Amino acid sequence: MKLKKVYKRGAVCCLFMILLALLCAGCGKKPEEDNVFTINACKTRYVPRSILDQVREEYPDMEIRVEMYGGSNFTLDVAERLEHHDIPDLLVTTRNDLQMDTYKDSFLDLSSYDVLNRYITQSIDSMNMDGEVYFIPNFTSLTGLVYDKNVFREHGWKEPHSYDELVALCEQVEKEGIQCVGASWDKAGTYSNMLACTMAADFYSTPEGSAWFYNFVKGNAKGEGVIEPYIANYIRWFEDGIFPYGLNETGASQRKRFDNGEIATFYGLIGNFESDEVHEYGLIPFFTTGTADAYYPTATAGYFALNKELGEKGNEKKLEVGLRILDLLSTEEGQRGLMRGDACYSFLRGFEGDLTNITDSYQDVLGQNHFAPMNIDMNTLAASAAELKNMMNGLISQEEYIKRCDELKKNETTEAYTGEYLFTAKEDFTEEQTVQYFADALRNYAGTQIGMITPAINEQGEFNNPTTGIAAKFYKGDIYSWALSRNCIMAFDGTSGWAKMSTGTISGEKLYELLEDGMCWEQIDNKLNNEYYYDKGGMTSPFYYETSGLDVEFTSDHKIKSIRLEGGTPIEKSGSYTVAALHENLPDSYLTDLQIEEEKTILDIATEYGKTGMKGYKDSLPMERDVNKVEKN
């Protein structure tokens, strides 16, 4: 009898051990995410779908997941991702000079991989950071002085091949009553962009200049005592009559005059000019001031980096996939897929682009790989554009301007932390909570019963079409007003400025319909190129609304089980209710008494709401406003 009990007890123990072993074996298996390779992207920065299709075919067991971004500040979104280490396996970014100190901990050093050997040395050297390389470059747009060859032939003008010849050209055309260089002279940013171009030819093209800029962005170098000669060179371009001064004409007006032959050259990216039967465009490079050395300033369209974790044990397959994508991007076919038909240049060795006719008079410049990055540090040169113009107007001295650039760099922390302190996120918001914040902000500002808004990207990775939702979530930490530009979008009507708010009255029946079915835009007349979207091919899946001022309970199939206003009043299908939403996010045809807010944009409204210290509808959001930080700010 005892033996029998022992046998039973032993059998139970064995069974327990087997189950424990199975559980341990299960724990030892790679989680499902190990078979998912993630890529961040937005509608203008994307790995070509043809490459993704090929990689999916070669690695059928690996899901290639594209995490889309649909907002207005992709650069800032990448900065926030880096700050909070929310990094995909392959990161696409517009700039390689953000938060450099985080790169060593975030990205895989590519310097030992063969893919770098496919690019011209100068393009890789410009990204060398203390012996390590974290990025491969996308294609670039060349900047210079665009000219119409037909106009030059008509007047008998010759393309300049030195700084002095450019000065002589400007004197010649001015005598004929024609302006030499056109641009958006009403914008202070034009002046800082041109400073970046002259410095590209004078300074950034040198190893010393490249190293200085790298250290300057990191906050380890100052402009004072270094860039004075290059500021003086920049001023010389005006004094020698190349750049006009005192004009206050818009870019559109200047471009019209250029197209009519009233301006000899136009400053800008060559990709913005397309030759036709009337116009045949060429591109004059920037000359090192006072010499015959010439450089094309480059505005690289983006960069690709791999997450450092791909180099860790257990991620060998992911690393193989990542390197394969970089391999395919680094082919002529891959580069052309990235360019999307623009008049651009690839840093790939031996690449035969479509710039032959555009640069035919300057083949020596291309042959010598005379490219220099048009470095514009967003928080210094660009932010101080108005100060630069003040310097040109004699309101401040050159020394004062450089000191103010240094002060801006000294006082900044990262691009994500600029503007006015709003509140502190006590933890990472979910996407739903972030959208809820903006719905609360709209309702609070408008004083309506309901606030409604959708995300810009749904669970299928599709964009709203038109893109009208909220683009990205809040991360844990202090939230500043400029950071909201990462979440918001630009006005759908094409105006410069942020999206606007619309208010009106909606019937209970329409409210039920929208909340149950969501917003579902179909792609109309291929308004937006499908290449920019997650490859399910169109915006047909629902974008569900987040609401403020409503308590909604859904069934498992997303039908409304119950819906009440704040205070508990049930929503009646026969009733009417006031609502605030982003213009076009809630269809105008669903509203009566439609009003569009013209004075305040969504960025203004969301900023004001953050300063109220409110925690959302029913105090449900993980946020607080630190009075000490408010006073300090």
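So, how was this worked out
Residues numbered from 1 in each chain as written. Predicted model: local features only at pLDDT ≥ 70, side-chain atom pairs only at ≥ 80, totals over all residues. Heavy atoms only, no water. Helix = DSSP H or I, 4+ residues; strand = E, 2+ residues; numbered from the N terminus. Buried < 20%, exposed > 50% of the residue type's maximum accessible area, 1.4 Å probe, protein only. Contact = heavy atoms within 4.5 Å. Disulfide = S-S within 2.5 Å. Polar contact = N/O pair within 3.5 Å; in protein donor to acceptor, adjacent residues only side chain to side chain. Axes fitted to C-alpha atoms, helices over the stretch in contact; angles between N-to-C directions. Parallel < 35°, antiparallel > 145°, perpendicular 65-115°, else oblique. Nonpolar A, V, L, I, M, F, W, Y, C, P; charged D, E, K, R; others polar. Phe/Tyr/Trp six-rings, centres within 6.5 Å; stacked < 30°, edge-to-face > 60°. Lys NZ or Arg CZ within 6 Å of the ring centre and 35° of its normal. pLDDT = per-residue confidence, 0-100. Pairing = 2+ DSSP bridges. Salt bridge = Lys/Arg side-chain N within 4 Å of Asp/Glu carboxyl O. Bend = angle between axes of the 7 residues up to and from the residue. Core = buried A, V, L, I, M, F, W, Y, C linked by side-chain atoms within 4.5 Å. 1 Å grid on protein atoms, 1.4 Å probe; cavity = no way out; pocket = protein on both sides within 12 Å on 5 of 7 lines; lining within 4 Å. Points joined across faces, edges and corners; volume = space filled by probe spheres on them.

1. Here's the deal with the overall build of the chain
Within the chain, the secondary structure is distributed over 21 helices and 22 strands. Out of the 633 residues in the chain, the part that is buried amounts to 52%. The contacts in the chain between residues at least 6 apart in sequence include a share of 75% that link residues at least 24 apart.

2. Side note on the state of the cysteines
Within this structure, the stated rule accounts for 1 disulfide. One disulfide in the model links Cys-170 with Cys-180; its S-S distance is 2.2 Å. Linking Cys-170 and Cys-180, the disulfide has an S-S dihedral of approximately -60° and is accordingly described as left-handed. Here Cys-170, found in helix H7 (residues 163-175), pairs with Cys-180, found in strand E6 (residues 179-182); they are 10 residues apart in sequence, far enough to count as distant. The buried category is assigned to Cys-170, whose relative accessible area is 1%. Residue class for Cys-180 comes out buried when judged on its relative accessible area of 1%.

3. Topic: the side chain of His-583
With respect to the helices, strands and loops of the structure, His-583 is situated in the loop between strand E20 (576-582) and strand E21 (592-601). In this structure His-583 comes out as buried when scored by relative accessible area, which is 17%. In this structure the side chain of His-583 is engaged in a polar contact, spanning 3.5 Å, whose partner is the side chain of Asp-588. Residues in contact with His-583, not counting those within four places in the same chain, are Thr-468, Lys-500, Met-501, Ser-502, Asp-588 and Ile-596.

4. Considering the packing of helix H17 (residues 431-446) against helix H20 (residues 602-612)
Relative to each other, H17 and H20 sit at 90°, their axes nearing to 9 Å. Overall, the two elements H17 and H20 adopt an arrangement that is roughly perpendicular. Counted together, Tyr-437, Phe-438, Asp-440, Ala-441, Leu-442, Asn-444 and Tyr-445 of H17 and Ile-602, Ile-605, Ala-606, Glu-608, Tyr-609 and Gly-610 of H20 form the full contact between these two elements. Looking at the contact of H17 with H20 residue by residue, the class counts come to 9 nonpolar, 2 polar and 2 charged.

5. With respect to the packing of aromatic side chains
Per the stated rule, a full pass over the model turns up 40 aromatic pairs. Of note, Lys-573 hangs over the ring of Tyr-512, and the distance from its end group to the ring centre comes to 4.9 Å.

6. Some remarks on the environment of Asn-393
Here Asn-393 is to be found in the loop between helix H15 (385-392) and helix H16 (398-411). Between the C-alpha atoms of Asn-393 and Tyr-245, which are 148 residues apart in sequence, the distance is 9.5 Å.

7. A short note on the confidence of the model for the chain
The predicted model of the chain averages 85 in pLDDT, with 85% of residues at 70 or higher. Low pLDDT (under 50) marks residues 1-31, which in the prediction has 1 contact with non-local residues, meaning those over four places away or in another chain. With pLDDT under 50 throughout, residues 523-538 is counted as low confidence; its partners more than four residues away or in other chains account for 40 contacts.

8. A few points about the sheet that holds strand E14 (residues 450-453)
Spatially, E17-E14-E20-E16-E21 is the arrangement adopted by the 5 strands of the open sheet, whose pairing is mixed. Of all the strands in the sheet, just strand E17 (546-548) and E21 have a single pairing partner and so form its edges. Each strand axis lies, on average, 25° off the axis of its neighbour in the sheet, ignoring direction. With 3 bridges connecting them, E14 and E20 associate as parallel partners. Note on E20: the bridge partner recorded for Gly-451 is Ala-580. Across the face of the sheet, H17 comes into contact with E14, strand E16 (500-507), E17, E20 and E21 while running at roughly 35° to E17. The strands touched by H20 within the sheet are E16, E20 and E21, with E21 carrying the most contacts at an inclination of about 75°.

9. Examining the pattern of salt bridges
Taken as a whole and judged by the stated rule, the model has 28 salt bridges. Between Glu-280 and Lys-149 there is a salt bridge; the shortest N-O distance is 3.9 Å. Taken as a pair, Glu-280 in the loop between strand E7 (263-269) and strand E8 (281-284) and Lys-149 in helix H6 (residues 149-155) lie far apart in primary sequence, 131 residues in all. Residue Glu-280 is classed as partly exposed on the basis of its relative accessible area, which comes to 26%. Given a relative accessible area of 5%, Lys-149 falls into the buried group.

10. Quick notes on helix H8 (residues 188-204)
At Thr-198, H8 shows its largest kink, close to 30°. Within H8, 14 of the 17 residues are buried, which leaves it mostly tucked inside the rest of the structure.

11. Side note on the nonpolar core
Among the nonpolar cores identified, the biggest contains 135 residues, and Leu-90 and Ile-325 are the most heavily contacted of them. Ignoring anything within four residues of it in the chain, the contact list for Leu-90 reads Phe-37, Thr-38, Ile-39, Asn-40, Val-47, Phe-304, Ala-305, Leu-306, Ile-325 and Leu-326. Counting residues in hydrophobic clusters, the runner-up holds 29 residues, among them Ala-425, Tyr-437, Ala-441 and Leu-582.

12. Here we look at the sheet that holds strand E15 (residues 477-480)
Within the open sheet, the 3 strands sit side by side as E15-E13-E22. Their pairing is antiparallel. Edge positions in the sheet fall to E15 and strand E22 (623-624), since each has one partner strand and no second. Strand direction decides the pairing type here: strand E13 (residues 421-425) and E15, joined by 4 bridges, are antiparallel. Bridge assignment links Thr-424 to a residue of E15, and that residue is Asp-478.

13. Thoughts on helix H3 (residues 74-83)
Of all the 10 residues making up H3, 9 are buried; the element is thus mostly covered by neighbouring parts of the structure. If you check which residues of H3 are buried, you get Phe-74, Thr-75, Leu-76, Asp-77, Val-78, Ala-79, Glu-80, Arg-81 and Leu-82. Of the surrounding elements, those touching the buried residues of H3 are strand E1 (36-42), strand E2 (63-69), strand E3 (90-93), helix H4 (103-106) and helix H18 (484-487). Backbone geometry just downstream of H3 places His-85 in the positive-phi region, at approximately 50°.

14. With respect to the layout of surface pockets
By volume, the second largest pocket amounts to about 1300 Å³. Residue lining of the second largest pocket: 46 residues in total, with Glu-67, Glu-431, Ile-457, Asn-458 and Glu-459 positioned closest to the centre. Where the lining of the second largest pocket is concerned, the elements lending two or more residues are E1, E2, H3 and H17. It is E2 that provides the largest number of residues to the lining of the second largest pocket, a total of 6 residues.

15. Some details on the pairing of strand E10 (residues 294-300)
For E10, a buried count of 6 out of 7 residues is recorded, marking the element as mostly surrounded by other parts of the structure. Relative to E10, strand E5 (residues 140-148) runs antiparallel, the two being bridged by 3 bridges. The partner of Thr-140 across the bridge, within E10, is Thr-300. Bridge analysis of strand E9 (residues 286-287) against E10 gives 2 bridges, and the strand direction is antiparallel. Bridging across to E10, Phe-286 finds its partner in Tyr-295. Taken together, E9 and the strand that follows it, E10, pair antiparallel across an intervening segment of 6 residues, in which Gly-290 is found at a positive phi of about 85°. Note: E10 against strand E12 (residues 371-373), 3 bridges, orientation parallel. Bridging from a neighbouring strand, Thr-298 pairs with Pro-373 of E12.

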